[in-house]
Amino acid sequence: MHRRWFVNRTNQDFLDYLSRKISISTAFSQILVNRGIKDARSIGSFLSPSLEAQHDPFLMPDMVKAVERIKQASSKGEIVLVYGDYDADGLTSTAIMVSALKMLGLKPYYYIPNRITEGYGLSREGLLKAKSLSVNLIITVDCGISSHGEVQMAADYGMDVIITDHHEPPEKLPDAFAILNPRRQDSEYPFKDLAGVGVAYKLVQGLYKSYKSYMTYTSSLLDLVAIGTIGDSVPLVGENRIFVTYGLKAINDSPKPWAEAIKETAGIKGKEIKSTSVSFTIVPRINAVGRLGSATDVVKFFLAEDKENAAKMASFLEGQNRTRQKYEEEVAQQAFDMVKSQEMDRAIVLAVPGWHIGVLGIVASRLADAFYRPAFVLSINDSIAKGSARSIPPFHIFNGLSECAELFLGFGGHSQAAGLKLRTENLDAFKKRINSVIEAALTEGDMIPRLEIDAGVELFEINFNLVNELSRLEPFGDSNQEPVLGARNLEILEPRIVGENHLKMRLRQKAISFDTIGFDMGNLLEVINTANTVDAAFTPCINEWNGGRYLQLNLKALRPGMSS
């Protein structure tokens, strides 16, 4: 795919000053500046996140009300239900809330809606279940911010509702007892980008802070907070960076039964767990169960106290993930064939009877990445089209859907992901409207993906010290991606294909050369064979092989050099 290359540049004198002041390389200085980190104090807090830097939970509106209501439930022995969601964010949120309430002496129930039969958020089925249990208080996690009717239904049943959510709030909030959401218009909470599990965690902090013993216990929950935060792809900066840094440390240092079990079944036991391990290995296994049916067992998995039960549940997750992969490939193959057979528009809108609703979000994400345009993938059942949407960075998909609101039976989400439901008779109108909305919002240039290069370097600047500096930026994720460096006019030595389709060669600049590997980039061999030199975008890394440690460039993109 054609991409526009952008090399970030800052005033060289400032980079030299920053490098001298805190004893780092100029390339590393440039990368930090790109992330908006421009002085010694902010650099120190970013590179060394501290639990002490977490914000006071009571800065969030309604926190006092929520805490006092839960303490009342505890003192009166009321029946409490934690109402969650079926993805990694919602499931981890449910687990930490249930765990915290148990520590306060409550015996909470929890409810996870079925994605296929109930869909996202508070449901009539869930509320009827709560009524049958004589529930006095419902605490939602990762959902509820748009559930006006369901909150009223709970009130009619004599139940109070505390909402904890992070999705975009509607203009009018539900009439709940308390609503915790950092995105509320009246919120002065300093960090707006918490995941659902982050908001739930702040409530737990508020509870335990009121008992003056919150730091020790709440910190023990950070392993699950890290999983949910990474799983929801929120920016890994601010408090999210603190949560994930300490959560990953907890998983690696003294894992609970669930962590030991999932590492065993996923084949990553004995390896350091990083944010990428969570994103590509752990989260898909957690999400798989909810994609195919009821995800209630995942909460049991997280709360398991013995290794035997955790191991059995982890094996179940593994099997579900394989089934999910099968469904995903079937839908993805059909979807890609459909897109390639039709004229390309500003948006991809596909609606097909019988597609498994649990994999539509993944397929939409793959389509958006492959064709670089918002993708809407829906399954049709009984004249209702329901599914998921994924966007590209320049387009806020929730705002875009808001301009089509009258066409929907329901929708919700945030800037890059959303869910929607509409009657099939409105599909053509929606397709026309969303294409018109995108055309008005984006330029032609916005529809071409950007390759952001953090810093242009000469090959002599790449050394073990630089690689070690870059590792201090971990954990990587949204708003803190793994750095990409760029170098111009490199000589190509010994290009060849290895493995299935990997491009391997050496690149040389003056007297310096490095081994390089470009995974799944074998199709570029013909291109570089006709070029005198290439410009390369890459991430330097350390390759440990045959008892040695070697510097290697992990290629991200290539193009013919200026001298070609």
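The rules behind the values
Residues numbered from 1 in each chain as written. Predicted model: local features only at pLDDT ≥ 70, side-chain atom pairs only at ≥ 80, totals over all residues. Heavy atoms only, no water. Helix = DSSP H or I, 4+ residues; strand = E, 2+ residues; numbered from the N terminus. Buried < 20%, exposed > 50% of the residue type's maximum accessible area, 1.4 Å probe, protein only. Contact = heavy atoms within 4.5 Å. Polar contact = N/O pair within 3.5 Å; in protein donor to acceptor, adjacent residues only side chain to side chain. 1 Å grid on protein atoms, 1.4 Å probe; cavity = no way out; pocket = protein on both sides within 12 Å on 5 of 7 lines; lining within 4 Å. Points joined across faces, edges and corners; volume = space filled by probe spheres on them. Nonpolar A, V, L, I, M, F, W, Y, C, P; charged D, E, K, R; others polar. Pairing = 2+ DSSP bridges. Axes fitted to C-alpha atoms, helices over the stretch in contact; angles between N-to-C directions. Parallel < 35°, antiparallel > 145°, perpendicular 65-115°, else oblique. Left-handed = near helix turned anticlockwise from the far one by under 90°. Salt bridge = Lys/Arg side-chain N within 4 Å of Asp/Glu carboxyl O. Arc of directions from axis to C-beta.

Colleague: So what's going on with the environment of Thr245? Residues and values would help.
Modeller: With respect to the helices and strands, the residue Thr245 is situated in helix α11 (residues 238-253). By relative accessible area, which is 24% here, Thr245 ends up partly exposed. Here the alpha-carbon distance between Thr245 and Glu474, two residues 229 residues apart in the chain, equals 8.0 Å. Thr245 has contacts with Pro49 and Pro475, leaving out every residue within four places of it along the chain. Polar contacts involving the side chain of Thr245 include one to the main-chain carbonyl oxygen of Arg241, which spans 2.7 Å.

Colleague: How would you explain the layout of surface pockets if you had to name every residue and give the values?
Modeller: Estimated volume of the second largest pocket: approximately 370 Å³. Lining the second largest pocket are 23 residues, with Val7, Arg9, Ala455, Gly456 and Val457 positioned closest to its centre. At the level of elements, β1 (4-7), α1 (12-22), α2 (26-34), β13 (455-456), β14 (485-498) and β17 (533-545) are the ones that each hand at least two residues to the lining of the second largest pocket. A per-class count over the lining of the second largest pocket returns 9 nonpolar, 8 polar and 6 charged.

Colleague: Describe the sheet that holds strand β9 (residues 384-390), listing the residues and the values that go with them.
Modeller: Strands pair in a sheet through their backbones, by hydrogen bonds, and they do so in one of two ways: parallel or antiparallel. Strand order across the open sheet formed by 5 strands is β7-β8-β9-β11-β10, with mixed pairing between neighbours. Both outer strands of the open sheet, β7 (348-353) and β10 (410-413), are each paired with one neighbouring strand and no more. Ignoring which end each strand starts from, the neighbouring axes of this sheet average 15 degrees apart. Of the strand pairs in this sheet, β7 and strand β8 (residues 375-381) are connected by 6 bridges, and their pairing is parallel. Each bridged residue has a counterpart across the sheet, and for Val352 the counterpart in β8 is Ser379. Packed onto the sheet, helix α16 (residues 360-371) meets β7, β8 and β9 and runs at close to 50 degrees relative to β9.

Colleague: Summarise the environment of Pro495; cite the residues concerned and give the values.
Modeller: On the secondary structure map, Pro495 appears in strand β14. Taking the relative accessible area as the measure of exposure, Pro495 reaches 28% and is therefore partly exposed. Between the alpha carbons of Pro495 and Asp89 there is a distance of 43 Å; along the sequence they are 406 residues apart. For Pro495, the residues in contact, after removing those within four places along its chain, are Lys504, Met505, Leu525, Ile528 and Asn529.

Colleague: How would you sum up the pairing of β14? Please name residues and give values.
Modeller: Pairing geometry for β13 and β14, over 2 bridges, is parallel. Across the sheet, the residue bridging to Ala455 is Leu485, located in β14. As judged from the 5 bridges shared by β14 and β17, these two strands associate in the antiparallel manner. Counterpart to Ala487 in the pairing with β17 is Ala536.

Colleague: Describe the packing of helix α10 (residues 222-231) against α11, naming the residues involved and giving the relevant values.
Modeller: As a packed pair, α10 and α11 sit with axes 7 Å apart at the nearest point and diverge in direction by 120 degrees. One finds that α10 runs oblique with respect to α11. Viewed along their axes, α10 and α11 form a crossing whose handedness is left-handed. For the pair α10 and α11, the contacting residues are Leu222, Asp223, Val225, Ala226, Ile227, Thr229 and Ile230 in the first and Asn240, Phe243, Val244, Tyr246, Gly247, Leu248, Ala250 and Ile251 in the second. Per-class residue counts for the contact of α10 with α11 are 11 nonpolar, 3 polar and 1 charged.

Colleague: Explain the sheet that holds strand β5 (residues 160-164) residue by residue, including any values.
Modeller: Sheet architecture is open: 5 strands sit in the order β3-β2-β4-β5-β6, paired in parallel fashion. For this open sheet the edge positions go to β3 (109-111) and β6 (178-180), each flanked by a neighbour on one side alone. Neighbour-to-neighbour, the strand axes of the sheet open up by a mean angle of 20 degrees, direction not taken into account. Sheet analysis places strand β4 (residues 137-141) next to β5, joined by 5 bridges and oriented parallel. Bridge pairing links Thr140 to Ile163 in β5.

Colleague: Residues and numbers for the environment of Tyr327, please.
Modeller: Locating Tyr327 in the fold gives a position in helix α15 (residues 307-340). C-alpha of Tyr327 to C-alpha of Phe6: the two residues are 321 residues apart in sequence and 37 Å apart in space. Not counting residues within four places of it along the chain, the set of residues in contact with Tyr327 comprises Leu292, His356 and Val359.

Colleague: Report on the side chain of Gln54, specifying residues and quantitative values.
Modeller: Inspection of the secondary structure puts Gln54 in the loop between α3 (40-47) and α4 (63-76). One polar contact links Gln54 to Gln205, side chain to side chain, over a distance of 2.8 Å.

Colleague: Residue-level account of the pattern of salt bridges, with values.
Modeller: Taken as a whole, this structure holds 30 salt bridges when the rule is applied. Among the salt bridges present, the one from Glu264 reaches Lys269, with a minimum N-O distance of 3.3 Å. Residue classification places Glu264 among the partly exposed positions, given a relative accessible area of 47%. Here Glu308 and Lys312 are joined by a salt bridge, their closest N and O atoms 3.7 Å apart. Here the residue Glu308 and the residue Lys312 both occupy positions in helix α15, the gap between them amounting to 4 residues, near one helical turn. You'll find Glu308 and Lys312 in the same group, each marked exposed. In the salt-bridge network here, residues are joined through shared partners; they are Arg324, Glu328, Glu329 and Arg366.

Colleague: Go over α3 with me, naming the residues and quoting the values.
Modeller: Every buried residue of α3 is listed here: Ile43, Phe46 and Leu47. In an axial view of α3, the angular spread of the buried residues amounts to 90 degrees, which keeps them on one side of the axis. Turning to α3, the residues buried within the fold contact α1, α2 and α11. The residue sitting at the N-terminus of α3 and contributing the capping side-chain oxygen is Asp39; that oxygen lies 3.1 Å from the backbone nitrogen of Arg41.

Colleague: Which residues make up unusual backbone geometry, and what are the values?
Modeller: With an omega dihedral of 5 degrees, the bond running from Glu474 to Pro475 counts as a cis peptide bond. By the element assignment, Pro475 lies in the loop between α19 (464-471) and β14. Residue Ser134 is not a glycine yet carries a positive backbone phi of 60 degrees. Assignment of secondary structure puts Ser134 in the loop between α6 (124-132) and β4. A positive phi angle, near 55 degrees, is found at Asp382, a position not held by glycine. Relative to the assigned elements, Asp382 resides in the loop between β8 and β9. Classification of Asp382 as exposed rests on a relative accessible area of 67%.

By themselves, these figures tell us nothing about what the structure is for.
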